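Descriptive analysis of the structure
Residue strings, one per chain:
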Amino acid sequence: VTVGGAAEAAVSGEPFVIAVDGPSGSGKSTVCRRLAQRLGARYLDTGSMYRAVTLAVLRAGVDPHDTATVIKIASSVELVVGTDPVEPHIGLDGELVDQPIRGIEVTTHVSAVAAVPEVRRRLVDQQREIIAAARRSTGIVVEGRDIGAVVAPDAHLKVFLTADPVERARRRSAELASDLHATAEDLARRDQLDSTRTTDPLAQAPDAVVVDTTVLSIDEVVARLADLLPGVKA
Ligand code: DC
């Protein structure tokens, strides 16, 4: 576990990068947004980028498994990512799509789109640019599946959030007001796809701090992460 870099960065007030990975329902989004707010840092939700490309694919009437066309769409869309942790936004070709990317259609097909190596390469490049810009100013909390392992292997702090699958499904169905059983099945299906794809699967970086959130509140998780950054009040 290497948290020394983050500790030094926090103490000296230097901009830092915090990478947070984990499966759906582990509490990543809420935790990362709150942590970024407390640290006065930016926030990047990389999942929203894969979702926006999926939305573009579906709107074009393209089969998400038609890889060649999916790659074409991914390389032609313009994604604008807002990194304010209070109000994160994502724009697709000039339109804010924060709402439609959370819909069931996108959620069902996003794993297929996120499995395409060319799509990942394009989005990882853009993510690295956003991180580099934040590194020159305020620091950033980045959430996803491959952040510590691939996108920002030099992050000052890497965290892997986990939670019991039953608890993850419970949280997700409460959030979406969806059926618990169907939500549990959808989560299991996406976990399986996201962890077994060939390119950059959901992965725990060897130097990540693992935090099991099953019995922790959001505030407790945020406090635990902030504890890893001495000099920062949670
Ligand atoms: O975190 P989320 O549910 O919004 O992510 C949507 C999908 O995108 C999820 O199925 C996994 C994928 N994803 C990814 O492959 N790599 C990332 N860095 C972030 C998300």
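Here the residue numbers are simple positions, counted from 1 along each chain's written sequence. pLDDT decides what is reported in this predicted model: residues at 70 or higher carry local features, side-chain atom pairs at 80 or more are listed and counted, and totals for whole chains, interfaces and linings draw on all residues regardless. By convention in this description, side-chain values take in all heavy atoms of the structure and omit both hydrogens and water.

Overview of the site of the ligand
Around the ligand, the surrounding shell holds 16 residues, and the nearest of these are Arg-51, Arg-120, Asp-146, Asp-194 and Arg-197. Think of a polar contact as two N or O atoms within 3.5 Å of one another; within protein, one of them needs to be a possible hydrogen donor and the other a possible acceptor, and neighboring residues in sequence only count if both atoms come from side chains. Within the side chain of Arg-51, one N or O atom sits 2.7 Å away from an oxygen atom of the ligand. One of the side-chain N or O atoms of Asp-194 is found 2.9 Å from an oxygen atom in the ligand. For the shell around the ligand, the secondary structure elements donating two or more residues are α3 (46–59), α5 (104–114) and α9 (180–196). Residues were grouped as follows: Ala, Val, Leu, Ile, Met, Phe, Trp, Tyr, Cys and Pro as nonpolar; Asp, Glu, Lys and Arg as charged; and all remaining residues, including Gly, as polar. Within the shell around the ligand, the residues separate by chemical class into three nonpolar, four polar and nine charged. Any residue with a heavy atom positioned within 4 Å of a molecule or strand is treated as near that molecule or strand. The way it works is that DSSP assigns letters per residue, a run of H or I at least four long becomes a helix, a run of E at least two long becomes a strand, and they are numbered from the N terminus.

Regarding the environment of Ala-174
Looking at the element boundaries, Ala-174 is found in helix α8 (residues 165–176). Measuring from C-alpha to C-alpha, the distance between Ala-174 and Tyr-50 comes to 23 Å, with 124 residues separating the pair along the chain.

Overview of the packing of helix α4 (residues 67–76) against helix α6 (residues 117–135)
Interaxial angle, 0 to 180 degrees, is taken between N-to-C directions of lines fitted to C-alpha atoms, where a helix line uses only the stretch in contact. The N-to-C vectors of α4 and α6 enclose an angle of 10°; their axes lie 9 Å apart at closest approach. If you check the angle between α4 and α6, you find them roughly parallel. Across the interface between the two elements, Val-70, Ile-71, Ala-74, Ser-75 and Ser-76 from α4 touch Glu-118, Val-119 and Arg-122 from α6. Of the residues contributing to the contact of α4 with α6, the split by class is four nonpolar, two polar and two charged. Roughly parallel means an angle under 35 degrees; roughly antiparallel, over 145; roughly perpendicular, 65 to 115; everything else is oblique. In this analysis, two residues are considered to be in contact whenever any of their non-hydrogen atoms come within 4.5 Å of each other.

Thoughts on the pairing of strand β3 (residues 79–82)
Accessible area is worked out with a 1.4 Å probe on protein chains only. A residue is then buried under 20% of its type maximum, exposed over 50%, and partly exposed in between. Side-chain alternation along β3 places Leu-79 and Val-81 on a buried face and Val-80 and Gly-82 on a face that remains uncovered. Inspection of the sheet shows β3 paired to strand β4 (residues 89–92) by four bridges, in the antiparallel sense. Counted as the bridge partner of Val-81 is Ile-90 from β4. Two strands pair under a simple rule: DSSP has to find at least two bridges between them. From the end of β3 to the start of β4, which pair antiparallel, there are six residues.

A look at the environment of Asp-179
Considering the arrangement of structural elements, one finds Asp-179 in the loop between α8 and α9. Residue Asp-179 is classed as partly exposed on the basis of its relative accessible area of 49%. Sequence spacing of Asp-179 and Gly-27 is 152 residues, and the spatial spacing of their C-alpha atoms is 19 Å. One polar contact links the side chain of Asp-179 to the main-chain amide nitrogen of His-181, over a distance of 3.3 Å.

Section: α4
Residues of α4 that are buried include every one of Val-70, Ile-73 and Ala-74, and no others. All buried residues of α4 lie within an arc of 100° about the axis, which places them on one face of the element. Along α4, the residues that are exposed and aim more than 90 degrees away from the buried face are Ala-68, Lys-72, Ser-75 and Ser-76. At its buried positions, α4 is contacted by α3, α5 and α6. The arc in question is the one spanned by the directions pointing from the helix axis to the C-beta atoms.

So, the pairing of strand β1 (residues 17–21)
With five of five residues buried, β1 is to be regarded as a mostly interior element. What you see with β1 is no split at all: Val-17, Ala-19 and Asp-21 on one side and Ile-18 and Val-20 on the other are buried throughout. Where β1 meets strand β6 (residues 140–144), five bridges bridge the pair, whose relative direction is parallel. Within the sheet, the bridge partner assigned to Ile-18 lies in β6 and is Val-141.

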